[in-house]
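# Per-entry structural report
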Amino acid sequence: MNKTPFYITTAISYVNGVPHLGHAYEIILTDVMARFKRLDNHDVYFLTGTDEHGEKVAKTAEKNGVTPKEFADKNAATFIKMTETLNISNDDFIRTTQPHHHLAAQAMWEKLHANGDIYLGKYEGWYSVREEAYFTEDELITVPETKERITPNGTEAVWVEEESYFFKLSKYTDILLKFYENNPDFIQPSTRRNEIISFVKQGLKDLSISRHKDRLSWGIPVPNDENHVMYVWLDALTNYLTGIGFPDEASETYKKYWPANYHVIGKDITRFHAIYWPAFLLAAQIETPKTIWAHGFINVHGQKMSKSIGNVLSPDGLVETYGLDQIRYFLMREIPHGQDGNFGHEQAINRINADLANGLGNLAQRTLSMIYKNCDQQIPDHGDFTESDKALLDNVYTLMLKNVRIVMNDFKVHRALEEIWRVVGDANAYIDEQAPWALRKQNPERMKTVLYVLSDVIRCLAIIIQPVVPQSAQSMLDQLKISADERDFAMISSDYAMKPGTDIDKPQGVFPRLTVEEAAA
Ligand code: MSP
């Protein structure tokens, strides 16, 4: 079957620090969508990576007494390790210090230049190194005690005056407004879209896109001018093209995957992705991506994560405490579509125990142990299906995937999990109602039919939960002896139903119950 290409990316992380829960959330969210599309007949390319140039990285390296490159190498390794720790299925990991990315960013510059959109001038204005962003006078706030100027996000702004190349962003104000109108899905969710449109409506100023080497040398050299390096955001945004072969626009991967389906980013960097990026691409005469998907921020026990509060959670620690699939599930289930979310210890324990240990885990464990003990360790044969059997199976074969696809098309992963867990609830209600343990003596044939129905429900559930809890789903499918080529969404159908007589192994619980003390330890 011909697969539809699907290209999805995360933001690339700054290497001035190491990964935390916010990075973990974004990459898991993206991984879930990538895995979902792969199982749903798409040819997926999933790119993630690190953003290594710029003043912020250069300054932090200096404070640590090492060169920017040494610093970037050390921290990039921790982001690469995070992809392994979190079982992320990315196809490549791009680092903006790689030579092929330098070529791509320079090719991008040349295209903007060829379009007549770059000129040399002087930048005089405010800059936040922490955000690597420019601010106008009226956007800034003055701290009453110190008179320090800070941005609306609370970072320090400094006054800068230097020779700089500019991109004619002002020229794109009306072009962008028209573009948003013609592409209503370009910025999602719609709250972010409205913010961007009202910002652009105020009129855009030309954008400084280089740094003089006297102030910063840690960057990609501007073509034909050794005195300048590129502004880190022009360099960084281009990674989405580099990752699939740009500047070789004739390459197979580039032709197949561009334009990207989704750039998944946090809400704090929407402006760069929804204004600068399409403007650069329009200027370069390159197609624009289909959707910029801006997720919310994740707080810890109701507070913003910060080093000074000491509440920064590391992906490693979370996986150690709660388990890998448990943490993936929790983040996907608890943080609603595009909104901010909260990570709380008790909230995590409750959710994990209710949905995974008691909900799905219990359903699988009860069913498989009964089959193992009472049906000669084999999937039993079944008699005629009753109305209740048919209702449950029909729900699983025809409704579940249909509903999940609808909400996943809106990137509502938490809604997809609600749909799936509705079926888990139905199956648990069915097992209680049919009480196969009571049928064992009274009506063993009927017991077999009930257990058969449940085994096929579990097979389909295990298939559909793979994107979120890949390891646990794999273990469930292994226990049911489902071969590797019978695990995609097309197999959620009676045509691929469990074969009676299949031997099963002694069932192993996949979702242990967590106790508060255990997790705290
Ligand atoms: N380097 C830029 C992105 C360049 S993309 C061409 C950057 N890096 S970052 O390391 O600061 O952030 C990486 C991603 O993590 C961003 O999408 C950001 O929004 C996200 N998050 C950082 N902290 C977060 C939370 N607390 N919660 C959720 N996501 C957060 O920005």
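Residues numbered from 1 in each chain as written. Predicted model: local features only at pLDDT ≥ 70, side-chain atom pairs only at ≥ 80, totals over all residues. Heavy atoms only, no water.

### Considering the packing of aromatic side chains
The criterion, for reference: Only centres within 6.5 Å qualify two rings of Phe, Tyr or Trp (six-membered ring in Trp) as a pair; their planes then separate them into stacked at under 30 degrees, edge-to-face at over 60, and tilted for everything else. Helix numbers and strand numbers start at the N terminus; a helix is a DSSP run of H or I with at least 4 residues, a strand a run of E with at least 2. Accessibility here uses a 1.4 Å probe with only protein chains present; expressed as a share of the type maximum, an area under 20% marks a residue as buried, one over 50% as exposed, and anything in between as partly exposed.
Evaluated as defined, the whole model comprises 29 aromatic pairs. Between W258 and W277 the ring centres are 6.4 Å apart and the planes differ by 75°, which places this aromatic pair in the edge-to-face class. In this pair, W258 sits in the loop between α9 (252-257) and β15 (262-266) while W277 sits in helix α10 (residues 270-284), placing the two residues 19 residues apart along the sequence. As far as burial versus exposure is concerned, W258 and W277 are alike and both buried. Pairing Y262 with F411 gives two aromatic rings, centres 4.8 Å apart and planes at 75°, and the pair type is edge-to-face.

### A short note on unusual backbone geometry
Along the chain, Q188 connects to P189 via a cis peptide bond; the corresponding omega equals -5°. Positionally, P189 belongs in the loop between β10 (187-188) and α6 (190-201). Going from W258 to P259, the amide bond is cis rather than trans, its omega being 0°. Here P259 lies in the loop between α9 and β15. Even without being glycine, Q285 reaches a positive phi, approximately 55°. Within the fold, Q285 resides in the loop between α10 and β16 (291-295). Here the phi dihedral of D376 falls at roughly 55°; this positive angle occurs in a residue that is not glycine. Among the structural elements, D376 can be located in the loop between α13 (345-374) and α14 (387-409). On the accessibility criterion, D376 (67% relative accessible area) is exposed.

### Considerations on the pattern of salt bridges
Selection criterion: The salt bridge definition used is simple: a Lys or Arg side-chain nitrogen within 4 Å of an Asp or Glu carboxyl oxygen.
With the rule as written, the count across this model stands at 36 salt bridges. Note that R95 and E52 form a salt bridge whose closest N and O atoms lie 2.7 Å from each other. Here R95 is found in strand β4 (residues 92-95), whereas its partner E52 is found in the loop between β3 (42-51) and α2 (55-63), with 43 residues between them in sequence. Exposure remark for R95: the relative accessible area of 16% places this residue in the buried category. Linking E445 and K448 is a salt bridge whose minimum nitrogen-to-oxygen distance equals 3.6 Å. In this pair, E445 and K448 are both assigned in helix α17 (residues 444-464), three residues apart and thus about one turn of the helix distant. K448 sits in the partly exposed class, given a relative accessible area of 27%. Connected via shared salt-bridge partners are E55, K59, E162, R211 and R215.

### A few points about the site of the ligand
Filter applied, for reference: Throughout, the term near means that a residue has one or more heavy atoms lying within 4 Å of the molecule or strand in question. Pairing of N or O atoms within 3.5 Å defines a polar contact, subject to two protein rules: one partner must be a possible hydrogen donor and the other a possible acceptor, and residues neighboring in sequence count only if both atoms are side-chain atoms. A 1.4 Å probe and the Shrake-Rupley method give the accessible areas. Residues count as covered only by the protein chains that appear here. Classification used: nonpolar for Ala, Val, Leu, Ile, Met, Phe, Trp, Tyr, Cys and Pro, charged for Asp, Glu, Lys and Arg, polar for all others including Gly.
In the vicinity of the ligand, 24 residues are found, and the nearest of them are I12, E26, D51, G266 and D268. One of the side-chain nitrogen or oxygen atoms of H23 is found 3.2 Å away from an oxygen atom of the ligand. The contact in question runs from an oxygen atom of the ligand to an N or O atom on the side chain of E26, over 2.5 Å. For the ligand, the protein covers 93% of the area, taking 660 Å² as the surface of the free molecule. Of all elements in the fold, only β2 (13-14), α1 (21-39), α7 (232-237), α8 (239-242) and β15 reach the threshold of two or more residues within the shell around the ligand. A per-class count over the shell around the ligand returns 12 nonpolar, nine polar and three charged.

### Observations concerning the sheet that holds strand β6 (residues 133-135)
What counts here: Strand pairing follows a simple DSSP-based rule, namely that at least 2 bridges must link the two strands. What makes two residues a contact is simply this: any of their non-hydrogen atoms within 4.5 Å. The axes used here are C-alpha line fits, helices contributing only the stretch in contact, and every angle between their N-to-C directions lies in the interval 0 to 180 degrees.
Taken in spatial order, the four strands of this open sheet run β6-β5-β9-β11, and their pairing is antiparallel. On the outer flanks of this sheet lie β6 and β11 (207-208), each paired with one strand and no other. Set on the sheet, α10 makes contact with β6, β9 (158-167) and β11; between it and β9 the angle comes to about 30°.

### Some remarks on helix α4 (residues 99-114)
Rules: To estimate how far a helix should extend, the number of its residues minus one is multiplied by 1.5 Å. What the arc covers is the set of directions going from the helix axis to the C-beta atoms.
With 16 residues, α4 extends 23 Å between its outermost C-alpha atoms, agreeing within 8% with the 22 Å of an ideal straight helix rising 1.5 Å per residue. Taken as a whole, α4 has its buried residues at H101, A104, A105, M108, W109 and L112. All buried residues of α4 project into a common sector of 140° when viewed along the axis, lining one side. In α4, the exposed residues that point more than 90 degrees away from the buried face are P99, L103 and A114. Immediately downstream of α4, the backbone of G116 shows phi near 75°, a positive value.

### Topic: the nonpolar core
Rules: Residues belong to a common nonpolar core when they are buried Ala, Val, Leu, Ile, Met, Phe, Trp, Tyr or Cys residues joined through side-chain atoms within 4.5 Å.
The biggest cluster of nonpolar side chains holds 100 residues, and the ones touching the most others in it are L331, M332 and F343. Element by element, the count of residues in this core is highest for α17, at 13 residues. Aside from chain neighbours lying at most four places away, what touches F343 is L21, I298, N299, V300, H301, L313, L318, Y322, I327, F330, L331 and A348. Membership of the second largest hydrophobic core comes to 72 residues, among which are W109, V160, I197 and L237.

### Examining the environment of L480
Take L480: it is sitting in the loop between α18 (470-479) and α19 (516-520). Exposure remark for L480: the relative accessible area of 0% places this residue in the buried category. Expressed as a C-alpha distance, the spacing of L480 and L331, which sit 149 residues apart in the sequence, is 28 Å. Every residue in contact with L480, bar those within four places of it in the chain, is listed here: L368, I379, S455, I458, R459, M498 and T502.

### Remarks on empty space enclosed by the protein
Selection rule: Each cavity reported here is a set of points on a 1 Å grid over the protein atoms alone in which a 1.4 Å probe fits but cannot get out, each pocket an open set with protein on both sides within 12 Å along at least five of seven lines, and each lining residue one with an atom within 4 Å of a point. Grid points are joined across faces, edges and corners, and a volume is the space filled by probe spheres set on the points.
Throughout the structure, instances matching the rule amount to three cavities of 30 Å³ or more. One number sums up the size of the largest cavity: a volume of about 70 Å³. Every residue lining the largest cavity is listed: V32, F36, V404, M408, V413, A416, L417, I420, I464, P467 and V468. Listing elements by their share of the lining of the largest cavity, those giving two or more residues are α1, α14 and α15 (413-434). No other element matches α15, which puts four residues into the lining of the largest cavity.

### Describing the packing of α6 against α10
The condition is simple: Any angle that is under 35 degrees is reported as roughly parallel, and any over 145 degrees as roughly antiparallel; angles of 65 to 115 degrees are reported as roughly perpendicular and all others as oblique. Each crossing is labelled by how the near helix is turned from the far one, with a counterclockwise turn of less than a right angle marking it left-handed and a clockwise turn marking it right-handed.
The interhelical angle for the contact between α6 and α10, taken along N-to-C directions, is 55°, at an axis separation of 11 Å. With respect to α10, the element α6 is oriented oblique. By crossing handedness, the relation of α6 to α10 is classed as right-handed. Across from R192, I196, F199 and V200 in α6, the residues of α10 making contact are T270, R271, A274 and I275.

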